[in-house]
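# Examination of the molecular architecture
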Amino acid sequence: MKVYIETYGCQMNVSDSGKIVHLFANQDYQPTSDSRSADLIIINTCSVREKPELKLFSALGRYIPLKRQRPELVIAVGGCVAQQWGKKLLERCPGLDIVFGTHQLDSLPQLVAGVRRSQKPASSTDFLACPGGLEVMARPDPKAVNAMVTIMQGCDNFCSYCIVPYVRGREYSRPSSAIIEEVRKLAEAGIKEVMLLGQNVNSYGLKAPGEISFAELLGMVHEVEGIERIRFTTSHPKDMSDELISAFATLPKLCPSLHLPLQAGSDAVLKRMGRGYTAAVYLENVEKLRQVMPDVALTTDIIVGFPGESEADFQQTLMMLEKVGYDQIYSFKYSARPGTRAADYEDMIPDEEKRDRLARCQALQNKISQTLLLAQVGKVSEVLVTGPSKRGEGEWSGRTPESRIVNFPAPVSISTKVVAGDIYRVKIVEAFKHSLKGEVVA
Ligand code: SAH
Ligand code: SF4
Ligand code: F3S
């Protein structure tokens, strides 16, 4: 049998989809990239904004009609939209067979088997004390150099705009022993770089009695032989401890790149978002980070047009982009999410204004990104090769410790060898819009 899986949303969902494929491989389902030949279609959804949520409904519009030719086809929807809608989604979408929640990953194979037997739709979206599926380990892709490791799930922050705490549940930290075991297995399978995942990784362990802190966890991952690079996402600016900042100074495998979501530059807006920090506190953290890692590459998330955001507030966001100098930003128009506090706020910003602010924000950032990439020209960097470059024959692609993409011609002697996972010293010779070009140096 064949399973086709479509994934929207964040890295957590990408990682979850890898686990689902693994679970079904144990049930004799082979993954396929062709939805029309699949016996099982799974859509792993995201509800963080309206746009990704709507993707589910257009996907179902494409897949449910396939049942006419393939009556044995089973269609399942999981992830954050499934969690939010629960079994109401079955009523809204006739032809849909299964709705499974964010804590029900590992029970999906049984759900599918049950639906095949009973020929009746089913849903399972209860929250569990320990989210199911967290201990499922996907087999790493034999060609992969990096892998994601979920260290915690859920979020207790309840930022006023955000649906995540409602759809991922309360914050839960995996036992550190299980995390280290997984990292060891990944290293044995040839993985060189791990990305530790969670909605708010720097509060790891704080609510689990006896558990170690996030900085201590990083120290333990650092000791795993074979792992050469460690990254993590997402950190919350209000929880940037000095202990974590100094980990960057003491752990050489910890990469000098950090995603630190700012959301907005105006203190009034940050307050109404419930973020728990001011622009000044954020800048102080950036300063401290740059003291221990002068070359750290920062990325961030920005929301424009939050309810009540004035033009002057928005200008503060632009000012922060200039002050911090992010490598890259992920910027979004505010999208009201049902059930969140901000959805009931007054002074919604008209869509036209949001669009205009987003365009201005992105135009400024493009300039900043370009300047930062250009400043790399002439530098020598250690590039971890991830595979052949998309741009063609004889070129390899990899990332610098700061996570910048570098393409470079493979030296003749290695042009026929697979070098993914190797680290080369590469001199940057040119900057493009989103990547760098380099040459291997001796
Ligand atoms: N846990 C992470 C990421 C959460 S979701 C964090 O705390 O930063 C990823 C990003 O989506 C957020 O950082 C935010 O910028 C954006 N986002 C969340 N809810 C949104 C909404 N209602 N409208 C627009 N963007 C939103
Ligand atoms: Fe959402 Fe805030 Fe939690 Fe991030 S910290 S997931 S933005 S509630
Ligand atoms: Fe989306 Fe859920 Fe991730 S809402 S951003 S898939 S946690």
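Remember, predicted model here, so these are calculated numbers, not experimental data.

In this structure the tally under the stated criterion is 24 salt bridges. Residue D34 pairs with R36 through a salt bridge whose shortest N-O separation is 3.4 Å. Where R184 meets E181, a salt bridge forms, and the shortest distance between an N and an O atom there is 3.7 Å. Of the two residues, R184 and E181 both sit in helix α7 (residues 176-188), 3 residues apart, roughly one turn of that helix. Classification of R184 as partly exposed rests on a relative accessible area of 42%. Using a relative accessible area of 37% as the deciding quantity, one classes E181 as partly exposed. Here the salt bridges do not stand alone but share partners, grouping E309, E311, E353, D356, R357 and R360 into one network.

Glancing now at the side chain of N285. If you trace the backbone, N285 turns up in helix α11 (residues 279-292). Apart from the residues lying within four places of it in its own chain, the contact partners of N285 are P237, M240 and I245.

Right, let's talk about the domain arrangement of the protein chain for a bit. Each assigned domain of the protein chain is listed with its residue range as follows: domain 1 (2-124), domain 2 (140-255), domain 3 (259-375) and domain 4 (380-440). Each of domain 1 and domain 4 was reduced to a C-alpha centroid, and the two centroids are 37 Å apart.

This brings us to the sheet that holds strand β15 (residues 380-388). As summarised here, the arrangement of the 5 strands in space is β15-β16-β17-β19-β18, forming a closed barrel in which the pairing is mixed. Going from strand to strand, the sheet's axes swing by 50° on average, the running direction of each strand aside. Sheet analysis places strand β18 (residues 423-431) next to strand β19 (residues 436-440), joined by 5 bridges and oriented antiparallel. Residue pairing for β19: E430 is matched across the bridge by K437.

Overall, the coordinates contain 11 aromatic pairs when judged by the stated rule. Plain terms: the ring middles of F214 and F232 are 4.9 Å apart, the flat faces sit at 85° to each other, and that makes the pair edge-to-face. Taken together, the residues span a long stretch of sequence, with F214 in helix α8 (residues 214-222) and F232 in strand β11 (residues 229-233) at a distance of 18 residues. Each member of the pair, F214 as well as F232, carries the same accessibility label: buried. Every member of this aromatic cluster is reached through a ring pair, and the members are Y161, F306, Y334 and Y345. In this structure, R49 packs its charged tip against the face of F332, placed 3.5 Å from the ring centre.

Cut-offs used in this document
- Residues numbered from 1 in each chain as written.
- Chains lettered and ligands numbered in written order.
- Predicted model: local features only at pLDDT ≥ 70, side-chain atom pairs only at ≥ 80, totals over all residues.
- Heavy atoms only, no water.
- Salt bridge = Lys/Arg side-chain N within 4 Å of Asp/Glu carboxyl O.
- Helix = DSSP H or I, 4+ residues; strand = E, 2+ residues; numbered from the N terminus.
- Buried < 20%, exposed > 50% of the residue type's maximum accessible area, 1.4 Å probe, protein only.
- Contact = heavy atoms within 4.5 Å.
- Domains from an automatic or database assignment.
- Pairing = 2+ DSSP bridges.
- Axes fitted to C-alpha atoms, helices over the stretch in contact; angles between N-to-C directions.
- Phe/Tyr/Trp six-rings, centres within 6.5 Å; stacked < 30°, edge-to-face > 60°.
- Lys NZ or Arg CZ within 6 Å of the ring centre and 35° of its normal.

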